[in-house]
Amino acid sequence: MDPTSNIDLILNQNSGGRPIIGCFPLYPPLELFSSMGLYPFVMWNLKSSIGDLTESDKHIQSYACAIARELVQYVLSGSFSNPDGIFFYNACDTLRNTPEILKSPGSASGSDMAMLQMHLPQVNRFQTNADDYLKNEIEELIIATEKAFNVKFDPCRFEQTVLQYSDLREYCQQAETKVAEGALSFESFAEVVMANYLLPPELQIEKLIDLIRQSKSGSFRKSPGVVVSGIMPPPGKVIRAIEASGLRIVSNDIAALKRSYAYNPKPTGDPGTYYTDLYNNRFPCTTLLYKSDQRLDMFLDLVETSEASGVIFCGEKYCEYEYFEFPHLEKRLKEKGVAILNMEFSIDDVDNIGAYITRIEAFAELLNS
């Protein structure tokens with residue numbers, strides 16, 4: 001059963017009466033909201049809770065990515081019955097404009113919710129220092145959150161929450177290491193991490209500890225290693241096919257996975273300092289344009305240090321950020337003798353994966369030859 005199939009039930013069971021705030025992907029300031037007594041969750045994996053795209057299709061073009069279309073449907077269809085507010089930032093061209101739709105007079109389902117936003121400066125930090133601007137954005141966000149939810153910011157509580165999220169990231173990294181060793185399936189790992197986006201940090205840590213305990217002992221490094229890249233993990237059936245073909249996922253470059261937990265900022269009670277550190281130094285992402293100059297070298301280094309023989313790119317259809325980058329990345333990988341499998345997933349491809357399995361099996365034969 002899909003662990004996110006009843007999002008409202010999960011949120012109700014775990015929020016403890018706290019105001020629930022749905023956070024747009026990709027990298028919201030969860031520590032801040034949690035420390036202020038809110039219950040934040042990231043709005044990934046909504047397909048199982050929306051049924052169809054009737055409402056979304058009235059506002060979002062069919063050539064927008066599945067993440068945006070499902071998010072809008074979730075809010076406007078009435079599925080979004082529990083959360084008390086929404087947070088968004090300029091994550092990408094599609095997501096940064098979506099709140100305009102949700103706030104419009106014709107979309108009453110979302111128009112009466114508290115809507116918090118932040119602008120993340122997308123300038124190269126080595127050319128223009130935007131730290132003061134970002135710190136001011138964080139301060140304004142705190143003020144807006146206090147006003148919208150009648151809560152108060154406490155620096156001591158913030159630092160405690162930061163430490164909790166730091167532990168969470170470390171457990172994600174430990175579990176990822178088990179996957180790389182072949183002691184834990186990538187499918188199980190991805191399923192837990194994605195389901196965790198609906199849970200409070202203490203329960204997320206419990207789920208990860210349980211997952212790590214389930215891992216096999218020893219190392220199983222004989223099979224060819226691959227790095228999986230993209231915004232979202234591929235569908236479970238596709239991951240199953242990758243691992244069943246004899247390939248071992250030795251690392252990942254998934255926005256909802258490694259890009260989210262790879263960097264751990266130094267704990268502090270000052271949100272401005274913390275988020276300046278986090279956004280400046282986090283693992284590069286295609287949606288963070290100011291990190292684009294660093295991304296290529298870091299990705300190539302990831303492939304090299306993980307000793308991967310191949311890269312499987314799982315593209316989110318219509319995500320221009322990913323597709324602008326990949327041709328050059330593919331060229332560099334081929335120059336290094338790294339094999340490439342390029343797969344694209346649309347909103348309707350979750351169950352129709354026969355063609356993907358055939359391509360995965362051929363790719364595995366190539367790497368085993």
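Residues numbered from 1 in each chain as written. Predicted model: local features only at pLDDT ≥ 70, side-chain atom pairs only at ≥ 80, totals over all residues. Heavy atoms only, no water.

**Considerations on the pattern of salt bridges**
Enumeration over the complete set of coordinates arrives at 15 salt bridges. Glu55 is the partner of Lys58 in a salt bridge, and the nearest nitrogen-oxygen pair spans 3.2 Å. Put simply, Arg213 and Asp210 hold a salt bridge, and the shortest N to O gap is 3.8 Å. Residue Arg213 and its partner Asp210 are located together in helix α9 (residues 201-213), separated by three residues, close to a single helical turn. Arg213 gets classed as exposed once you look at its relative accessible area, which sits at 65%. Classification of Asp210 as partly exposed rests on a relative accessible area of 39%. Salt bridges here are not isolated pairs; linked through shared partners, they connect Asp253, Arg259, Arg295, Glu322 and Glu325. (Salt bridge = Lys/Arg side-chain N within 4 Å of Asp/Glu carboxyl O. Helix = DSSP H or I, 4+ residues; strand = E, 2+ residues; numbered from the N terminus. Buried < 20%, exposed > 50% of the residue type's maximum accessible area, 1.4 Å probe, protein only.)

**Concerning the environment of Ala68**
In this fold, Ala68 is placed in helix α3 (residues 66-76). Once you skip the residues sitting within four places of it in the chain, Ala68 turns out to touch Thr94 and Leu95. (Contact = heavy atoms within 4.5 Å.)

**Notes on the nonpolar core**
Formed by 112 residues in total, the largest nonpolar core has its most connected members in Trp44, Phe87, Tyr89, Ile312 and Met343. Sort the elements by how many residues they give to this core and α3 lands first, with eight residues. In this structure Trp44 touches Pro25, Leu26, Ile67, Met194, Tyr197, Ile231, Met232 and Ala256, once residues within four positions along its chain are discounted. If you look at the next biggest cluster of nonpolar residues, it comprises 16 residues, including Val250, Phe283, Leu296 and Leu329. (Core = buried A, V, L, I, M, F, W, Y, C linked by side-chain atoms within 4.5 Å.)

**Re the packing of helix α7 (residues 155-181) against helix α12 (residues 271-281)**
In contact at an axis separation of 11 Å, α7 and α12 are set at 25° when each is read in the N-to-C sense. Accordingly, the angle class assigned to the pair α7 and α12 is roughly parallel. The interaxial crossing formed by α7 with α12 has left-handed handedness. Of the residues in α12, those in contact with Phe158, Val162 and Arg169 of α7 are Pro271, Tyr274, Tyr275 and Leu278. For the contact of α7 with α12, the residue count by class is six nonpolar, no polar and one charged. (Axes fitted to C-alpha atoms, helices over the stretch in contact; angles between N-to-C directions. Parallel < 35°, antiparallel > 145°, perpendicular 65-115°, else oblique. Left-handed = near helix turned anticlockwise from the far one by under 90°. Nonpolar A, V, L, I, M, F, W, Y, C, P; charged D, E, K, R; others polar.)

**Description of the sheet that holds strand β3 (residues 85-89)**
Paired through their backbone hydrogen bonds, the strands of a sheet run either parallel or antiparallel. Judged by pairing direction, the sheet is parallel, and its four strands sit side by side in the order β2-β1-β3-β4 without closing on themselves. Each end of this open sheet is capped by a strand with a single partner; those strands are β2 (39-42) and β4 (114-118). Each adjacent strand pair in this sheet contributes to an overall mean axis angle of 25°, direction not counted. Bridge count between β3 and β4: five bridges; the pairing is parallel. Counted as the bridge partner of Phe88 is Gln117 from β4. Sitting on the sheet, helix α6 (residues 131-149) is in contact with β1 (20-23), β3 and β4, with an inclination near 170° to β4. (Pairing = 2+ DSSP bridges.)

**Examining the sheet that holds strand β8 (residues 339-345)**
An order of β6-β5-β7-β8 is seen for the four strands of this open sheet, with the pairing classed as parallel. Strand pairing shows two members of the sheet lacking a second neighbour, β6 (248-254) and β8, which therefore form its edges. The average angle at which neighbouring strand axes cross in this sheet is 20°, direction not considered. Of the pairings in the sheet, the one linking strand β7 (residues 310-316) to β8 comprises seven bridges and is parallel in character. Note that in β8 the partner of Cys314 across the bridge is Met343. Most of the contacts of helix α15 (residues 354-368) go to β8, to which it runs at about 170°, and overall it touches β5 (225-230), β7 and β8.

**With respect to the packing of aromatic side chains**
Scanning the entire structure with this criterion turns up 14 aromatic pairs. Centroid distance Phe87 to Tyr89: 6.5 Å. Interplanar angle 25°. Geometry classified as stacked. Phe87 gets classed as buried once you look at its relative accessible area, which sits at 0%. An aromatic cluster of three or more residues is present, and its members are Phe153, Phe158, Tyr274, Tyr275 and Tyr279. (Phe/Tyr/Trp six-rings, centres within 6.5 Å; stacked < 30°, edge-to-face > 60°.)

**A closer look at the pairing of β2**
Residues Tyr39 and Phe41 point to one face of β2 and Pro40 and Val42 to the other, with burial holding for every one of them. Once the chain exits β1 it traverses helix α2 (residues 30-35) before rejoining the sheet at β2, and the crossover so formed is right-handed. (Right-handed = clockwise from strand over helix to strand, strands pointing away.)

**Notes on unusual backbone geometry**
Here Pro25 and Leu26 are connected by a cis peptide whose omega angle stands at 20°. Relative to the elements of secondary structure, Leu26 occurs in the loop between β1 and α2. With a phi close to 55°, Asn150 is a non-glycine residue in the positive phi region. Mapped onto the elements, Asn150 comes out in the loop between α6 and α7. The backbone of Glu307 shows a phi angle near 55°, a positive value even though the residue is not glycine. Locating Glu307 in the fold gives a position in the loop between α13 (292-305) and β7. A relative accessible area of 67% means that Glu307 is categorised as exposed.

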